[in-house]
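Descriptive structure summary
Given next are the chains, with one letter for each unit.
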Amino acid sequence: MTRINLRVDQENVSDDVEPRMLLVQYLREKLGKTGTVIGCDTSNCGACTVHLNGRSVKSCNVLAVQADGAVIDTIERLADDDGTLHPVQVAFRECHGLQCGFCTPGMIMQAVDLLNENPSPTEHEVRVGLEGNLCRCTGYHNIVKSVLYAAELMQGASKEGANA
Amino acid sequence: MTAVQDAPAASPEIGRDRRRKEDQRLITGRTRWTDNISLPGMLHMAIVRSPHAHARITGIDLDAADKAINIYDVFDGKKLQDTMGVLVNAWPITPEQQAPTHYPLAVDRVAFAGQPVAVVVARSAAEARDAAELVDIEYDVLPAALDLKEAAEDKVLAHPDLGTNKVAFWQLDSAGQGSGRAIDEVIAEARDGGIVIEREYRQQRLIPAFMEPRSVIVDPTGEQITMWSATQIPHITRFLLAATTGVPESKIRVIAPDVGGGFGGKLQTTPEEWITWAVARWIGKPVKYTETRSESLVSAHHGRDQWQRLTLAATKEGRVTGLKVDLLADMGAYVGVVGGGVPVLGAWMFNAIYKWEAYQFNCTPVLTNKTWVDAYRGAGRPEATYAVERLMDELAVEVGMDPLEIREMNWIKHEEFPFTTVAGMTYDSGNYEAATAKAKEMFGYDALRAEQKERRDRGDRVQLGIGISTFTEMCGLAPSRVLGQLNYGAGGWEHATVRMLPTGKVEVITGASAHGQGHETAFSQIVADRLGVPFEDVEILHGDTQVSHKGLDTYGSRSLVVGGEALVLAADKVIEKAKPLAAHLLEANVEDLEFGNGRYSVRGTDQGMGIAEVALATFAAHNYPEGMEPGIDAESTYDPINFSFPHGTHLCAAEVDTETGQITLRKYVCCDDIGNIINPLIVSGQVHGGIVQGIAQALWEEAVYDDSGTLVSGSFVDYLLPTAADTISFEIDHTTSPSTTNTLGTKGVGEAGTIAATPAVVNAVVDAIRHLGVNDIVMPMTPERVWTALQGGGRGTATVEAAEPHFEGQEDSR
Ligand code: FES
Ligand code: FES
């Protein structure tokens, strides 16, 4: 067992974990953060995507001990404390970017990272940027649309901010 | 059917692109997937699976595993034999059908690689998995039946005791059933001066690959035994648990919480569910099993896997006179819950939208030593549509006509509906001309044809092809009487309850069981309009047999056309039931009341009262008429009178690099007629997702086995699900011929895209390079197969070795 200390969704947490425990297992089993899900065992599907120190990672591809000292953000605290949704969440609902919703937490976390890096991506850039996240329901059409719409929302918001 | 006229004049909800009620919890991570559920004292199960395709089990040593730390118990098939029940096939397609007994845990023989042989139950999932490694099983390896065609010849028996691999033989013959002429006659005529096209097509084996791996929890600690399962079919599961394990149905509660996709892949009663059930009951504590993705790919049922031998007869002008179909359908090692019914569902669809004189469909489901095969999105109908839409293109070439024109020459004209087909189905409505005209316009058909010609003439390295698929399907399974005639083990009705709460809210219970389709939203829209209450006030409850005691679940594009109709009937009953009470409270005659926009009003006056007020009055029950009971809730069980027949025209433009065999999708357009639309946003999602699954069959996906019967595409590294980077955006639109067989005029949409897209893509690719001597390419059409075909190497042989690695596919798509 190894002691780890980290900050997850804005709370400090500390646990003894087995060295082989994956970050996604730690989040789900130890912290009960079941908003992040597991879709595969080969790091292909992206369903487990979270942010580690502000960048997206597949949390099935990181050991819990590797996250020692890190800041982790998951889908569960993406919305504001008062429940105001993140623009990417808004866009996914608005554009019907989800059906069963199983891929959605990972898709949204990946999309947030993508837009942080590239605030006004082209359709092609969105498609390539989401390549590591599989969705079986939507055919990606409305996911791509959601991300492009989220970019618009965020640009609008930042313009408003600049004008204010 | 008069209900259409009785409906409230205003329908503010139906047809509106409401954002989904389901989304809030899904986009914020507040979901209840089965694997998210954890119960006090819950144990975890791991499964030891057979590495061999076919072997006798000669010894199982569970000792080391049993002694491992935190291990609760270990089981093999012998230990559970009396309590684990058995997995059944609900659709024996003939009375003589031969199917092997399917024990959840193998007892003395394994019949496919991946079959459960032993289980370990531990305090944690990791400990269970560790201990599973310690289980020592000895096998005597037997010869395995792996190749479908060879299996059909009984060269090696998948189940030696059965004496044959052939499950059954099922035939539909137009002459025999009186719906047309004799097929051999029209083929003979065509051989004499007409056109005969003979082809053999392969429907490769696919894996449904829903994103949420299957998970099951059984809690035996209460008076009732509760099962949570990632399933499409909680009601059928409950019934079959009772029927096969001897627990009274009333003691069983099955809950399908949030379910992450199914596509037919969760239309199954599974060994994993049955084993968890038996083990939890044995131990007396809650037990959970969640599969890994690799386990899912090898043990959840697969789809398709057919060889189709086809003989099409036509006049020399191109009028089709008949089709003869000989199907071999791989069932894998066991006959699943629908089983041989899947290929048989295709029987009514090979004739598609066309008018023929004769038709014969022969189907032989065959057992092999591979993962079992059952329903996958479209189930039987994509295979049929593929065959006929490919053949229509071949016919167009023979005759020298445009492939759209040859279709038009053969299809049922809009004024001919209702039309009884050569297969004996009566199509209620449709307008193929309208859908095709619209699709052509959206696509820019003539301009693309011109560009194609220009590039062909120029000898461009990258050639353009146009693929057409004018599909129809039968959905809304199904009229119970028809199912009875087909020997199916259940009916096709659906149930709904509408409960009027005293606060004015409405609880609606449906027997359909959604797993991503958006029922909570679409069904709320229907009920809101019908009762004239706000959309937000309607709550849809489903997926828990204790809440929704009666239902037949979700598959076969049935939820809206069957389940939706049950809602309408139940809501109408509420309106009727509340009427005498409203009249009583308004001191008016029942005959003078009319209902509209949620209000009962007294004709010719301004007096009236809302249905919510009536609900509250019922709750108080202080004042109600003699002879009436204080309740206005109602339920309804609707049995459809017919299937529904959506159709559409899908057009695909694809570019083929003649030097590398690389395929690039350039444009995909479709115009579907799915009758009246409840929620266009949800419909668009169903169409997009369906199209991509159809395209994926054409281009990428295949479950591949090596020659010892091991699934080599057993992970997401090898099984090529398309990514966002592999696909394109689509243009979709609709024409509308309302269905005449249900009140709302709706038809199903869940499977349409998948059914239509596969032949559209293959037709496009073949069209691009036909002038270079290619008339078929085996699916999935990898660049290598296309290139080989271009080198004159034929269409490529069916896959027998490893699929190409995913990263190569990704390289190619850039
Ligand atoms: S679960 Fe992490 S990539 Fe699939
Ligand atoms: S919405 Fe179901 S997998 Fe993406």
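Residues numbered from 1 in each chain as written. Chains lettered and ligands numbered in written order. Predicted model: local features only at pLDDT ≥ 70, side-chain atom pairs only at ≥ 80, totals over all residues. Heavy atoms only, no water.

Broken down by element type, chain A carries five helices and five strands. Reading the secondary structure of chain A in the N-to-C direction produces β-β-α-β-β-β-α-α-α-α. Since a compact globule built from 164 residues should have a radius of gyration of about 15 Å, the 16 Å found for chain A is in line with a globular shape. Its C-alpha atoms put chain A at 50 × 40 × 25 Å along the principal axes. Per-residue burial over chain A gives 55% buried out of 164 residues. Contacts in chain A between residues far apart in sequence, at least 24 positions, make up 57% of those at least 6 positions apart. A total accessible area of about 6,600 Å² is found for chain A, and carbon and sulfur atoms account for 46% of it. For chain A, the distance from the average site of its 14 positive side-chain charges to the average site of its 21 negative ones is 4 Å. (Helix = DSSP H or I, 4+ residues; strand = E, 2+ residues; numbered from the N terminus. Rg over C-alpha atoms; globule rule 2.2 N^0.38 Å. Buried < 20%, exposed > 50% of the residue type's maximum accessible area, 1.4 Å probe, protein only. Contact = heavy atoms within 4.5 Å. Areas by Shrake-Rupley, 256 points an atom, 1.4 Å probe, with all protein chains shown as cover. Lys, Arg positive; Asp, Glu negative; His and termini not counted. Charge placed at Lys NZ, Arg CZ, Asp CG, Glu CD.)

We now examine the domain arrangement of chain B. Many descriptions give the size of an interface as the accessible area lost when the pieces come together. Residues and elements named next belong to chain B. Once the domains are mapped, chain B shows domain 1 (3–31 + 493–638) and domain 2 (144–427). Computed over C-alpha atoms, the centres of domain 1 and domain 2 are 36 Å apart. Of the roughly 1,500 Å² buried between domain 1 and domain 2, counting both surfaces, carbon and sulfur atoms make up 44%. Broken down residue by residue, the surface that domain 1 buries against domain 2 is led by His515, Thr545 and Asp553, which jointly contribute 39%. Along the contact surface separating domain 1 from domain 2 lie two salt bridges. A salt bridge links Asp544 to Arg253; the shortest N-O distance between them is 2.7 Å. At the boundary of domain 1 with domain 2, the tally comes to six residue pairs in polar contact (both at pLDDT 80 or more). In terms of residue class, the side of domain 1 that touches domain 2 is built from two nonpolar, 13 polar and four charged. (Domains from an automatic or database assignment. Buried area = accessible area lost by both parts, 1.4 Å probe. Salt bridge = Lys/Arg side-chain N within 4 Å of Asp/Glu carboxyl O. Polar contact = N/O pair within 3.5 Å; in protein donor to acceptor, adjacent residues only side chain to side chain. Nonpolar A, V, L, I, M, F, W, Y, C, P; charged D, E, K, R; others polar.)

Before going further, it helps to spend a moment on the interface of chain B and chain A. Between chain B and chain A, the residue contacts involve 56 residues of the former and 42 residues of the latter. Surface buried jointly by chain B and chain A totals about 4,200 Å² across both partners, of which 54% is contributed by carbon and sulfur atoms. In this structure, the connection of chain B to chain A is made through four salt bridges. Of the charged contacts, one joins Glu94 of chain A and Arg19 of chain B as a salt bridge, the two residues approaching to 2.7 Å between their closest N and O atoms. Where chain B touches chain A, the interface holds 24 residue pairs in polar contact (both at pLDDT 80 or more). Within the residue set of the side of chain B that touches chain A, elements represented by two or more residues are helix H2 (23–27), helix H5 (125–132), helix H11 (293–299), helix H21 (680–699) and helix H24 (806–813) of chain B. Per element, the largest residue contribution to the side of chain B that touches chain A is nine residues, and it comes from H21 of chain B. The residue makeup of the side of chain B that touches chain A, split by class, is 24 nonpolar, 23 polar and nine charged.

As a further point, take the domain arrangement of chain A. Residues and elements named next belong to chain A. Domain annotation of chain A identifies domain 1 (2–77) and domain 2 (87–159). Its C-alpha centre places domain 1 at a distance of 22 Å from the equivalent point of domain 2. On the side of domain 2, 13 residues touch domain 1, which itself brings 18 residues to the contact. When the two sides are added together, the surface that domain 1 and domain 2 hide from each other amounts to roughly 1,200 Å², 56% of it contributed by carbon and sulfur. Across the contact surface, domain 1 and domain 2 share two salt bridges. Counting every contact that joins domain 1 to domain 2 gives eight residue pairs in polar contact (both at pLDDT 80 or more).

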